[in-house]
Amino acid sequence: MKEVIKLTNIIDAHVHLRTIADKRMPLCTPHTAKFVSGMLPMPNTNPHIYTSEDARKYRQEIELVLKHFELLGTVDIFPTIYLTPQTNVNDLVAGYLAGDVFSCKQYPRGATTNSAEGVSGIKEMFPIYQVMEKYGIPLHVHCEMPMDVDVDIFDSEKFAIQEMLIPILDNFPNLKVSMEHITTKKAAELVSSGRYPNLVATVTPQHLLYDRNKMLRGGLDSNLYCMPILKRKEHMEAIRNAVKNDERGVFLCGTDSAPHFKTDKNECGCAGVYSAPVFVEAYVKAFMEMNVLEKLQAFMSDNFCKFYGYTVPEAMQKTVVVEQVEPWKVPDVYDGIVPLFHGEELNLKARLQ
Ligand SMILES: [Zn+2]
């Protein structure tokens, strides 16, 4: 076994853990939690996390699961709430100041799983952004057009950058904004350009590793179907290029790991890639292919800490060792959920030091 890299204090800045009433939460949470020092669980659960009280309760649910797996106290949780035009700013600010809320997530109406209450026009959101900017509350944006707008889904991110993201950035220059799971050249170039100093982006393993051929060629692989959808190769290459040459520390680990049972994937092709069981290996593989393993520590942790002004508490500090091993076959399913790399051989394996 040969050590490939050591990573400290990994933070997954975008992960779907579901809720305690949902069997998937105990099945998927430990995969992420054992290797990370912090995780930012998305609020499009069923029901959604709308208020600071919801956020507080959701944190307790996650903690209950962590306790069950003896992981309580080893992972920090960054609770985020689902932003809508109805978000009560007084509640938001109070929750933020009390530490119950870390940030807000904005979904375009209808564009992804459980987003029917998302935002359709951003002008109506301006008073809320103003308060967030004033108090330093970060905003995570799912940057795609609402479903009721007639746009090709392969172009949705590109249009939303122009119509939604840029107006936010221009009007609220001090608002901390994270563009989630970027998939296009336009996004990669905008984030790396430095034109907006308070803009960062999360990048999923699948958008670093694959273009849309991987999902569509030789039969549709619905396990790689996610929103925003995998794009042409030139977009994947632009994202790789931007991550590779990131000197400003603006690209962050955010797996967007989203568990759907195999049966649901078969029936409706729900959007989401389940990367949690192999996410560390997946990023290492991508950075090895890009020949920039030395950039991985910053991507997996340091960039997050720098952007959000966060220090990992001592009890949550972890070192993950990734080794080159004899090829092992990634299971076809974990607990009824098909993972990234299902059935493929990997010669990398992560373990806690
Ligand atoms: Zn997501």
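See the structure shown above.
Think of each chain on its own: its residues are numbered from 1, step by step along the sequence as written. Where local features are concerned, this predicted model is filtered to residues with pLDDT of at least 70; where side-chain atom pairs are given and counted, the filter is 80 or more; whole-chain, interface and lining totals use all residues.

1. A few points about the nonpolar core
Note the cut-off: A set of buried Ala, Val, Leu, Ile, Met, Phe, Trp, Tyr and Cys residues, joined to one another through C-beta atoms within 7 Å, is what we call a nonpolar core. Exposed residues have 12 or fewer other C-beta atoms within 10 Å of their own C-beta, buried residues have 20 or more, and partly exposed residues fall in between, where C-beta atoms are placed from the backbone. Helix and strand labels come from DSSP, where a helix needs a run of H or I of at least four residues and a strand needs a run of E of at least two; each type is numbered from the N terminus. Once C-beta atoms are placed from the backbone, any two residues with those atoms within 7 Å are in contact.
Leu165, Met179, Val191, Ala201, Ile239 and Tyr283 are the most contacted members of the largest nonpolar core, which totals 98 residues. Top contributing element to this core by residue count: helix α11 (residues 279–289), with seven residues. When neighbours within four sequence positions are excluded, Ala201 is seen to be in contact with Ser178, Met179, Ile182, Ala187, Val191, Val250, Phe251 and Leu252.

2. Brief notes about the packing of helix α5 (residues 156–171) against helix α6 (residues 185–193)
Going by this rule: Each axis is a line fitted through C-alpha atoms, and for a helix only the stretch in contact is used; angles between axes span 0 to 180 degrees, taken between their N-to-C directions. When describing relative orientation, an angle under 35 degrees is termed roughly parallel and one over 145 degrees roughly antiparallel, while 65 to 115 degrees is termed roughly perpendicular and anything else oblique. Just so you know the grouping, Ala, Val, Leu, Ile, Met, Phe, Trp, Tyr, Cys and Pro go in nonpolar, Asp, Glu, Lys and Arg go in charged, and all remaining residues, Gly too, go in polar.
Contact pair α5 / α6: the axes reach a minimum separation of 8 Å and the direction vectors enclose 40°. By the angle class used here, α5 and α6 are oblique. In this structure, α5 uses Glu157, Lys158 and Ile161 to contact α6, whose residues at the interface are Lys186, Ala187 and Leu190. Grouping the amino acids of the contact of α5 with α6 by side-chain chemistry returns three nonpolar, no polar and three charged.

3. A look at helix α2 (residues 52–68)
Rules: To estimate how far a helix should reach, multiply one less than its number of residues by 1.5 Å.
Between its terminal C-alpha atoms α2 stretches 25 Å, which fits the 24 Å expected from 17 residues at 1.5 Å a residue. Residues of α2 that are buried sit in contact with α1 (24–33), β3 (36–41), β4 (76–77), β5 (80–82) and α3 (89–98).

4. Considerations on the sheet that holds strand β7 (residues 139–141)
Worth spelling out the cut-off: Two strands qualify as a pair provided DSSP detects at least 2 bridges between them.
The strand order across the open sheet formed by six strands is β5-β6-β7-β8-β9-β10, and the pairing between neighbours is parallel. Of all the strands in the sheet, the pair left with one neighbour each is β5 and β10 (251–253). Each neighbouring strand pair of the sheet contributes to a mean axis angle of 30°, computed without reference to strand direction.

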